[in-house]
Amino acid sequence: MKKIYVDTCSRPYHIYITQKDWNPFIEYLGECVRSKKLLVVCDENVYRLYYPIMDNMLSKYGYKHSVAVVPPGEDTKSLKHANSLYTAALDAHLDRDSTIIALGGGVVGDLAGFIAATYMRGIGFIQIPTTLLAQIDSSIGGKVAVNHPNAKNIIGAFYQPSMVYINIDTLTTLPRQEFTGGLAELIKYGYIWDGDFLEWLEDNIDGILAYDVDTLSYAIYKACTIKSHIVEMDEDEQGIRAILNFGHTVGHAIEAATGYKVYTHGEGVALGMVYETKIAYNLGLIDYNYVRKLIHLLERCSLPTKLHGIDSSILIDKMVLDKKNRGDNIVFILPTGTGKVDSFSDIDINMLNSVLQD
Ligand code: NAD
Ligand code: GLY
């Protein structure tokens, strides 16, 4: 069991990283809920795989829990599904002392967290992330949101959970494409913060791809530590936290332009990192070996590194809607050296166009 303390101003909490055993969860749950009334939110896949374990455990320890099941997929992160969850919360008679547990990937975590942040102006919230992406990124840091048809994550809040409980065994049932998608966010941490971790990833990626438990659990621990540290410094993204969006300006645009159906979020981020690293090269911030290094590592993870058949003008239109933008300029987080990035907002549109067509 590994434990990380996330010392945010609004609500400090622990991340627990464990394998096999669900028992510690019940012990920690008792420490962070105000009453035994809970609503578990999960999607249909996770409901089938993990809700029976959760249900048995919560029943055994006298919790009064209900479950709300939503369809899997990005479309579920909507006001329509949020509304159905408010109804589920009312039907379950949740009150201010109740807690919502997000059991699942980033979609469920973002949606259930949004409900927890807004139902009765905020009730208890716990994350049990079951995808690699959710375990190393979305469950930590309190960004909760739903999408608007025209823009992703545009309706949301910063609302920290009171615990994040990671059981890495859940990754064994994850479809391969979802697992490799999570690896893009793992590689991101090396690029934005820690050149040594990037080197470690290059040396150990085969162990991670083979689900070697020690290697995987170290990688998850390291990623959670980096993310927590950045969130602690800048919980509501007034500055440094924006670096977590490396790969996301282009990545979100690719996801939106393809209707969230072609690429997983992680695959969008992989492509986004490649094109944003190419922009950095074009600006003279890095040499081309650093672009090659990224492409090679992503390819070893079977992640996409080249765009096909998407018009660059459509991508640029989507980028204009990005939340990070200030005024009319598109904001990019770009590599400036090994394990280092910075924010740029004055990118020449002609250069951007030609990089996206490359
Ligand atoms: P997801 O939640 O859609 O899960 C991917 C798929 O895996 C789904 O079909 C789900 O049912 C299935 N699944 C989940 N756990 C499983 C398991 N253990 N075994 C088998 N199947 C399982 O996708 P995701 O990649 O976890 O999350 C993507 C979302 O996260 C996006 O909406 C993105 O915007 C958001 N996100 C948020 C943050 C944040 O800081 N809040 C950060 C990064 C991404
Ligand atoms: N995933 C970006 C953030 O948490 O800030």
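Model, not experiment: these values are computed from the prediction.

Chemist: Mind laying out the sheet that holds strand β2 (residues 13-18), listing which residues take part and the relevant values?
Modeler: Two modes of strand pairing occur in sheets, parallel and antiparallel, and in both the strands are linked by backbone hydrogen bonds. Reading across the sheet, the seven strands line up as β1-β2-β9-β6-β5-β3-β4 and stay open at both edges, with mixed pairing between neighbours. The strands lining the two open edges of the sheet, one partner per strand, are β1 (2-6) and β4 (64-70). Direction aside, neighbouring strands of the sheet carry axes that sit 15° apart on average. Across two bridges, the pairing between strand β6 (residues 124-129) and strand β9 (residues 163-167) is parallel. What sits directly across from Q127, in β9, is V164. Strands β2, β3 (37-43), β5 (99-104), β6 and β9 of the sheet are contacted by helix α1 (residues 23-32), whose axis makes an angle of about 175° with β9.

Chemist: Please set out helix α7 (residues 195-209) residue by residue, giving values where relevant.
Modeler: Taking 1.5 Å of rise per residue, 15 residues should cover 21 Å, and α7 covers 20 Å from first to last C-alpha, within 8% of that figure. Along α7, the helix axis deviates most sharply at D203, where the bend reaches about 55°. Along α7, the residues classified as buried are F197, L198, L201, I205, I208 and L209. Its buried side turned inward, α7 meets α6 (176-192), α8 (213-233) and α11 (288-300). Sitting at the head of α7, D194 places a side-chain oxygen 3.1 Å from the backbone nitrogen of D196. Looking one or two residues beyond α7, the residue adopting positive phi is Y211, at roughly 55°.

Chemist: I'd like a rundown of the site of ligand 1, residues and numbers included.
Modeler: In the neighbourhood of ligand 1, 27 residues make up the surrounding shell, with D43, E74, T131, K152 and T173 lying closest. The side chain of D43 places a nitrogen or oxygen atom 2.5 Å from an oxygen atom of ligand 1. Taking T170, its main chain carries an N or O atom lying 2.9 Å from a nitrogen atom of ligand 1. About the coverage of ligand 1: the protein hides 91% of its 880 Å² of free accessible area. Listed by contribution, the elements that provide at least two residues to the shell around ligand 1 are α2 (44-60), α4 (106-118), α5 (132-138) and β8 (151-158).

Chemist: Give a description of unusual backbone geometry that names residues and reports values.
Modeler: Look at Y211: it is not a glycine, yet its phi comes out positive at around 55°. Relative to the helices and strands, Y211 is located in the loop between α7 and α8. Positive phi, close to 60°, is recorded for Y260, a residue that is not glycine. Mapped onto the secondary structure, Y260 falls in the loop between α9 (248-257) and α10 (265-282). Y260 gets classed as partly exposed once you look at its relative accessible area, which sits at 24%.

Chemist: Lay out the packing of α6 against α7 in plain terms, naming residues and giving numbers.
Modeler: Where α6 contacts α7, the axes come no closer than 8 Å and their chain directions differ by 160°. Classed by the angle they form, the pair α6 and α7 counts as roughly antiparallel. Contacts between α6 and α7 involve R176, F179, T180, L183, L186, I187, Y189, G190 and Y191 from the first element and G195, F197, L198, L201, I208 and L209 from the second. Residue composition of the contact of α6 with α7, grouped by class: 11 nonpolar, three polar and one charged.

What counts and how
Residues numbered from 1 in each chain as written. Chains lettered and ligands numbered in written order. Predicted model: local features only at pLDDT ≥ 70, side-chain atom pairs only at ≥ 80, totals over all residues. Heavy atoms only, no water. Pairing = 2+ DSSP bridges. Helix = DSSP H or I, 4+ residues; strand = E, 2+ residues; numbered from the N terminus. Axes fitted to C-alpha atoms, helices over the stretch in contact; angles between N-to-C directions. Contact = heavy atoms within 4.5 Å. Expected span 1.5 Å × (residues − 1). Bend = angle between axes of the 7 residues up to and from the residue. Buried < 20%, exposed > 50% of the residue type's maximum accessible area, 1.4 Å probe, protein only. Polar contact = N/O pair within 3.5 Å; in protein donor to acceptor, adjacent residues only side chain to side chain. Near = heavy atom within 4 Å. Areas by Shrake-Rupley, 256 points an atom, 1.4 Å probe, with all protein chains shown as cover. Parallel < 35°, antiparallel > 145°, perpendicular 65-115°, else oblique. Nonpolar A, V, L, I, M, F, W, Y, C, P; charged D, E, K, R; others polar.

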